Amino acid sequence: DTAVSQTPKYLVTQMGNDKSIKCEQNLGHDTMYWYKQDSKKFLKIMFSYNNKELIINETVPNRFSPKSPDKAHLNLHINSLELGDSAVYFCASSQAVGDYGYTFGSGTRLTVV
Amino acid sequence: DAKTTQPPSMDCAEGRAANLPCNHSTISGNEYVYWYRQIHSQGPQYIIHGLKNNETNEMASLIITEDRKSSTLILPHATLRDTAVYYCIVSPSNTNAGKSTFGDGTTLTVKP
């Protein structure tokens, strides 16, 4: 069983569209994250949720809206996509806040054309 | 929060030990050192972490200097599949922050 699964794996879309990426973890972890990895390969945290509550929002444009319906799911919705949003987005989870033994998903490669 | 410095790249011969250094000279007393690796096109993978004692697991060993200002990740018998970017990160001192920063990492290339 995949511990942290993301869908879709690849996403190609036009500028201005709205898209969502889904993430689910079956590890029973309390905390989930979204990271963005751009073309320079730098991994940067975007959001963190603990037990469905937002605890980190790293100055991400408000076109990005995370949603956590329960602690096993953290979805990312992006409005009005821009070329600069093209990147690989990784979902991750950890047992609790302060536990940095993350389990990452395999990533979603978003390409905005 | 402590920042880390790693060499951008290293090579290692297959079957030999790979020693990857990391400097974290501003680390605080309650901050842990974590190591991850990212194999091409995959998500980062947790390897090991430690506070001040040396640690070993089935993947690697972690040696932390006594002053805790640097550490070394050791892959005892590197294989071609160990070719990856290796990240050293330090957990923020504020455990409520829930965030960590991955730097540029070290690209390890294991050669036959």
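Residues numbered from 1 in each chain as written. Chains lettered and ligands numbered in written order. Predicted model: local features only at pLDDT ≥ 70, side-chain atom pairs only at ≥ 80, totals over all residues. Heavy atoms only, no water.

**Side note on the packing of aromatic side chains**
Considering all chains together, one arrives at 17 aromatic pairs over all chains under this definition. Here the aromatic rings of F64(A) and Y89(A) are separated by 6.3 Å at their centres, their planes lie at 35°, and the arrangement is tilted. Of this pair, F64(A) sits in strand β7 (residues 64-70) while Y89(A) sits in strand β9 (residues 87-94), placing them 25 residues apart in sequence. Classification of F64(A) as buried rests on a relative accessible area of 6%. With a centroid separation of 5.9 Å and an interplanar angle of 85°, the aromatic rings of F104(A) and F102(B) are classed as edge-to-face. Note that F104(A) is positioned in strand β10 (residues 103-104) and F102(B) in the loop between β8 (84-90) and β9 (106-111), a pairing that runs across two chains. Look at F102(B) and you get buried, because its relative accessible area is 0%. (Phe/Tyr/Trp six-rings, centres within 6.5 Å; stacked < 30°, edge-to-face > 60°. Helix = DSSP H or I, 4+ residues; strand = E, 2+ residues; numbered from the N terminus. Buried < 20%, exposed > 50% of the residue type's maximum accessible area, 1.4 Å probe, protein only.)

**Some words on the state of the cysteines**
This structure, assessed with the given rule, holds 2 disulfides over all chains. Here C23(A) pairs with C91(A) through a disulfide, and the sulfurs are 1.9 Å apart. With the S-S dihedral at roughly -80°, the linkage between C23(A) and C91(A) falls on the left-handed side. Here C23(A) is found in strand β3 (residues 19-25), whereas its partner C91(A) is found in strand β9, with 68 residues between them in sequence. The class of C23(A) is buried, set by a relative accessible area of 1%. Shown here is the disulfide that connects C22(B) with C88(B), its sulfur atoms set 2.1 Å apart. Between C22(B) and C88(B), the S-S torsion sits near -80°, and that sign places the bridge as left-handed. Pair noted here: C22(B) is in strand β2 (residues 18-23) and C88(B) is in strand β8, with a separation of 66 residues, a long-range link. Assessed through its relative accessible area of 0%, C22(B) is described here as buried. A residue is classified by how much of its surface remains accessible, and C88(B), at 0% relative accessible area, is buried. Here C12(B) stays free of any disulfide, with the sulfur of C22(B) as its closest cysteine sulfur at 18 Å. (Disulfide = S-S within 2.5 Å.)

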